[in-house]
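Structural features, examined
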There are 2 protein chains.
Amino acid sequence: MTFMPQSQNAVDPVKLEKLAEVAVKVGLQLQRGQDLVVTAPVVALPLVRLITKQAYQAGAGLVSAFYSDEETTLSRYQYGSDESFDRASDWLYEGMAKAYADGAARLAVAGDNPLLLSEQDAGKVGRANRATSTAYKPALEKISNFDINWNIVSYPNPSWAKVVFPDDPEPIAIAKLARAIFAASRVDVDDPIAAWAEHNANLAKRSAWLNGERFASLHFKGPGTDLTVGLADGHEWHGGASTAKNGITCNPNIPTEEVFTTPHALRVEGHVSSTKPLSHQGTLIDNIQVRFEGGRIVEAKASRGEEVLNKVLDTDEGARRLGEVALVPHSSPISASGILFYNTLFDENASCHIALGQCYSKCFLNGATLSQEQIKAQGGNSSLIHIDWMIGSDKVDIDGLRPDGSRVAVMRQGEWA
Amino acid sequence: MTFMPQSQNAVDPVKLEKLAEVAVKVGLQLQRGQDLVVTAPVVALPLVRLITKQAYQAGAGLVSAFYSDEETTLSRYQYGSDESFDRASDWLYEGMAKAYADGAARLAVAGDNPLLLSEQDAGKVGRANRATSTAYKPALEKISNFDINWNIVSYPNPSWAKVVFPDDPEPIAIAKLARAIFAASRVDVDDPIAAWAEHNANLAKRSAWLNGERFASLHFKGPGTDLTVGLADGHEWHGGASTAKNGITCNPNIPTEEVFTTPHALRVEGHVSSTKPLSHQGTLIDNIQVRFEGGRIVEAKASRGEEVLNKVLDTDEGARRLGEVALVPHSSPISASGILFYNTLFDENASCHIALGQCYSKCFLNGATLSQEQIKAQGGNSSLIHIDWMIGSDKVDIDGLRPDGSRVAVMRQGEWA
Ligand SMILES: [Zn+2]
Ligand SMILES: [Zn+2]
Ligand SMILES: [Zn+2]
Ligand SMILES: [Zn+2]
C-alpha cells in the first residue's frame, strides 16, 4: 500500500517531462483534435500527468487514462474463483477498438514488475492471458495493422527497478532504472527532438539498404543457433519513425534500435537459442531452444518457464510461427549499458530478435492496401500473440541469402558487416 | 504530485477494510460470479485494493477499476483546446452500459475535491458536464432504473479533507474526515453488518408508514420556504436496503439516512430555499432560492454559483422539475456531527432534500413493470441530471396532505412528528 515517496526524488522531474514531450511529439506526433487513450501502471501517475499536460498543450481532443495495479492483479490470483480466469472485460477492449476506429491515438506506459506472476499457477496465468488476448484482438489489430499512430514509453516502477537492480536499496534501484530509461529514450540530451530526428534518419538508411538487397532469407549462425529465416514475399524493412495508415508519422517504440521485417510463415528451418531471458506477462522464460520445420516450431525447451512457453505456443496455430525478424547491432546503446531490463521493449533493442505470432502488415510493400488473404498468401503469419525474443549476441553472424543462392554478410559478431 | 504518505497513518486500516467489506457485502450484496465495475479517485487506491480483495473473496467474476485524477482533470481546463469541452469518452460509457446489461454490479468511490473546478470557466464546466451526462446516459439509466445492484462509498481524499477542515494541517484533516466517514458509514462498531441490518429495519418502518398514508402532497414551511410538493400517482417510499430488478437486495448509498419517493413533475408550487451549500461537480452553489409553477422552476437565484445553477437548469426540460423528495430527521448522525461535508452523499443525509431531474422508477408501486410512458403519465420526471439539494433544518415543518385535503404532521422542527 505504499506510494513510494522516496522514488519521487529518485526520478529527475525535468527528464521525466522531456520523456512525456518526446512521447507526445515524437512517439505519437499527436494531432490537434485527436483523442488519446493512455494505459499505465498506477505508480506511473507522475508520467501520465505530464503526458496529459503535453497532449492537451499539443491540442489533443480528449485524453483518457486507464490504470493497472499490481496489487489488485495479484488479488485476483490470490482470492479469485477458478471460473474468473477465463474471463476478460470484453466491453472495455471493444470500446478501445471503437475509439481507435474513430481516430484516437494510443499510448502505453510500460514498466510492470516482470516477475509479478512468476509464482502464480501457470495454468491460470495462461488462461487469463488467453481470455485477455481474445478480448483485446479487435483493438490490437488496429495497432498491429498500424491503422493509428501509437507509442510505448516506460516508467521506472519500483517493483521493476528491484528486479533489474536486486542488490540496491529501492530508491537507488529506481534512480538507476530512471537514468537507464532516460538514456535509452534519448531524453538525457539538450534537444531530444533533434536527437530523435537524427536517430530516425540512421535507421531509415539501414532499412533502405536491406530493402534494396531484397534477400530471400537470413541465416543466423552462433552458439546453439543455425537458423534460416525465409522472408515473406514482398516484405519491407522498417525502423524508427513510420507512417500509420491514418497518415501520421510516429515512433511506436521508445526506445527503438531495430530494423525489422516479416518472415515467411512457412519458410523457417533449423534451430535457435535465446540469448537473453524473456519476461512474458510476469513470468521469466530463460534459455529457450526451439527447432523449426516448414516454419513451424516442432520442438521447444527452456531451462525456466518451459510450461508457460508451451502454453504460449499452444495459444493458436500462428503462435508456433514467426511474425517478425529484427536486426540490432550488439553495440546499440541499450546493449552497451550492460543492463538486463527483463522487459522486451528494452531487451529486444539490445539484440537481434524474432517474434512468435502476428506479423505487421506494414512490413510488406504497399502493406496498407493488402487484404488479410493477400498477406497470408505472401507468407504473413496471424495469431492472437506477438512475442519478441532475443537471439542475437556478439557471437552470432548473419548472412543475407539472395534468391540466386549467393550470400552477403549482414552482421559479423553482432555488428553490421 | 504527492501521494500523501502521511495520510496512510491518518486512515485506520482496520476500519478501512471494514468499509470495503460493508461496501461489498451490504452495499452491493455482490453475487458469486458477478462482475464488478469500480470507479474511484486514484488517491483512493488503498480502498479500491481492499474492495477488490473483498470482492474476489466473495466470489466475484472480474473486478475492473477505473481511476480519475484531479491533476489531469485540471490539466484539461488549463491546457485543453476549446473544442475538447464538448467531448466525452462515449465508447467507455457505452461499454459500461453493456457491462451492466450483461450483469455487472457498480461501485463508485466518492471523495473528489468539491471545489476542484470552482475557479474554472463556468461555460466550459457546463459544456463538459453536459457532454459527459449525454454519453453516460445509457449507463446511468441502468443505475437510476435500478436494473443492477450498485453502491457508493467514500474515501477521505486529502483535497476533500482540506475543504471540510480548512484550518487543520493535512494529516489531521484527513484523520478527522476518515473518522467522520467511518462513523457515518457505521463501520466504527464491532459488527458493522449487524448494525446495517438494524438501520435498514428502522428505515423500512418509516417507509411503510408513509406508504400506508398515501399522501397526495407534502407541504414544507420554514424560513424562505413555503413549498407544496405533489407526489406522483402510485408513488412508493423507499429507504435503506432495496431490491434491484436483477433480484439483488443492496444498499446503494453508504451512508444513508433518508426515506424518499417520486414527486409529481407537474404538481410542485411555491418557493424554497436551500439550507446547506450544494457542491456540484467541483463548483459550490450556495443559498439557492427557486420558485415553482406547475412543477417547473420559473425563477432561480443563488448567492454563489448562480451561473452554474442556471446552466444546470438549462441542461434539458426535465432539469427544471423534481425527480425526488426525501425526508431525513435533523437529529440524524450526520447532521449531529455538525460537519458540512460539501458532498451530497453525506450532506443530503443530514437534511430533507429534493432532487432536480431524473426520477427513480423504483419509487413507484410495481415500478419495475412500468414503461417510460407509464412513469411519465403518473408524474415521473426524466432528465440527464439528478441533483439533490438540501432544504431541511430544525426550522422546517412538514405536513402530509391527504387527497381529501386533511393534514397530518410529518415533521416538526426537523424531527419526525
Ligand atoms: Zn522487434
Ligand atoms: Zn516485435
Ligand atoms: Zn436522496
Ligand atoms: Zn437523490
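Criteria and thresholds
- Residues numbered from 1 in each chain as written.
- Chains lettered and ligands numbered in written order.
- Predicted model: local features only at pLDDT ≥ 70, side-chain atom pairs only at ≥ 80, totals over all residues.
- Heavy atoms only, no water.
- Pairing = 2+ DSSP bridges.
- Helix = DSSP H or I, 4+ residues; strand = E, 2+ residues; numbered from the N terminus.
- Contact = heavy atoms within 4.5 Å.
- Axes fitted to C-alpha atoms, helices over the stretch in contact; angles between N-to-C directions.
- Buried area = accessible area lost by both parts, 1.4 Å probe.
- Salt bridge = Lys/Arg side-chain N within 4 Å of Asp/Glu carboxyl O.
- Parallel < 35°, antiparallel > 145°, perpendicular 65-115°, else oblique.
- Left-handed = near helix turned anticlockwise from the far one by under 90°.
- Least-squares fit on C-alpha atoms with pLDDT ≥ 70 in both.
- Donors = N, O, S within 2.8 Å, 3.2 Å for Na, K, Ca; no water.
- Buried < 20%, exposed > 50% of the residue type's maximum accessible area, 1.4 Å probe, protein only.
- Core = buried A, V, L, I, M, F, W, Y, C linked by side-chain atoms within 4.5 Å.
- Domains from an automatic or database assignment.
- Phe/Tyr/Trp six-rings, centres within 6.5 Å; stacked < 30°, edge-to-face > 60°.
- Lys NZ or Arg CZ within 6 Å of the ring centre and 35° of its normal.

For chain A, the name recorded in an unreviewed UniProt entry is Aminopeptidase, with Rhizobium lentis as its organism.

Here we look at the sheet that holds strand 11 (residues 263–273) of chain A
Residues and elements named next belong to chain A. Taken in spatial order, the eight strands of this open sheet run 15-14-11-6-5-19-20-21, and their pairing is antiparallel. Looking at strand neighbours, the two that pair on one side only are strand 15 (296–301) and strand 21 (415–416), the edges of this open sheet. Where strand 14 (residues 289–293) lies against strand 15, five bridges are found, and the strand directions are antiparallel. Across the sheet, residue F292 finds its bridge partner in strand 15, namely I297. Contacts from helix 9 (residues 192–213) reach strand 20 (407–412) and strand 21, with the element oriented near 155° to strand 20.

A word on the interface of chain B and chain A
Between chain B and chain A, the contact holds 45 residues from the first and 45 residues from the second. Regarding the contact of chain B and chain A, the summed buried area is about 4,200 Å², with carbon and sulfur atoms giving 65% of it. Summed over the shared surface of chain B and chain A, the number is eight salt bridges. Across the salt bridge formed by D69(B) and R49(A), the nearest N and O atoms sit 2.6 Å from each other. Counting only elements with at least two residues in the side of chain B that touches chain A, the list comes to helix 3 (45–57), strand 2 (63–68), helix 4 (70–79) and helix 5 (90–101) of chain B. Residue contributions to the side of chain B that touches chain A peak at eight residues, all from helix 3 of chain B.

Digging into the packing of helix 2 (residues 13–28) of chain A against helix 9 of chain A
All names here are of chain A. Contact geometry for helix 2 and helix 9: axes closest at 10 Å, N-to-C directions at 50°. Accordingly, the angle class assigned to the pair helix 2 and helix 9 is oblique. The handedness of the crossing between helix 2 and helix 9 comes out as right-handed. From helix 2, K18, E21, V22, K25 and V26 reach across to helix 9, where they touch P192, I193 and W196.

Focus: the relation of the copies chain B and chain A
Superposition of chain B onto chain A requires a rotation of 180° combined with a translation of 0.0 Å along the rotation axis, giving an RMSD of 0.0 Å. Each copy turns onto its partner about a two-fold axis.

Let's talk about the coordination of the zinc ion (ligand 3)
Residue and element names in this part refer to chain B. Note on the zinc ion (ligand 3): its protein donors are E258 (OE), E324 (OE) and H353 (NE2). The metal-donor distances range over 1.9 to 2.1 Å. Here the zinc ion (ligand 4) and the zinc ion (ligand 3) are spaced 3.3 Å from one another, each receiving a donor from E324. Note that E258 is positioned in the loop between strand 9 (249–250) and strand 10 (259–261) and E324 in strand 16 (residues 322–327), a separation of 66 residues in sequence. For the pair E258 and E324, one class covers both residues: buried.

Details of the nonpolar core
Counting residues in each nonpolar core, the largest one holds 108 residues, and the members touching the most others are L36(A), V109(A), L36(B) and V109(B). Setting aside residues no more than four positions away along its own chain, L36(B) makes contact with L28(B), L30(B), I51(B), A55(B), L62(B), V63(B), S64(B), A105(B), R106(B) and L107(B).

A closer look at the domain arrangement of chain A
All names here are of chain A. When its domains are assigned, chain A resolves into domain 1 (7–184) and domain 2 (214–416). Taking only C-alpha atoms, the centre of domain 1 and the centre of domain 2 are 23 Å apart. Taken together, the contacts link 46 residues of domain 1 with 39 residues of domain 2. Interface area for domain 1 against domain 2, summed over the two sides, is near 3,300 Å², with a carbon-plus-sulfur share of 62%.

Overview of the packing of aromatic side chains
Taken as a whole and assessed by the stated rule, the structure comprises 16 aromatic pairs over all chains. Consider the rings of F260(A) and Y360(A), whose centres lie 6.1 Å apart with planes at 70°: the pair is edge-to-face. In this pair, F260(A) is assigned in strand 10 (residues 259–261) and Y360(A) in the loop between strand 17 (353–357) and helix 13 (372–377), connecting sequence segments 100 residues apart. By relative accessible area, which is 9% here, F260(A) ends up buried. With 6.1 Å between their ring centres and 75° between their planes, W209(B) and F215(B) make a pair best called edge-to-face. Look at F215(B) and you get buried, because its relative accessible area is 2%. Members of the aromatic cluster, connected to one another through ring pairs, are F66(A), W91(A), F66(B) and W91(B). One residue, K362(B), lies across the ring of F146(B), its end atom 4.2 Å from the ring centre.

Regarding the coordination of the zinc ion (ligand 2)
All names here are of chain A. At 2.0 to 2.6 Å from the zinc ion (ligand 2) lie its protein donor atoms, namely E324 (OE), H386 (NE2), D388 (OD) and D388 (OD). For the zinc ion (ligand 2), the donor residues sit on a single chain with the sequence spacing E-x61-H-x1-D. A separation of 3.3 Å is found between the zinc ion (ligand 2) and the zinc ion (ligand 1), which share E324 as a coordinating residue. With a gap of 64 residues between them, E324 in strand 16 (residues 322–327) and D388 in strand 18 (residues 386–390) connect regions that are remote in the sequence. Summarising the burial analysis for this pair, E324 and D388 share the class buried.

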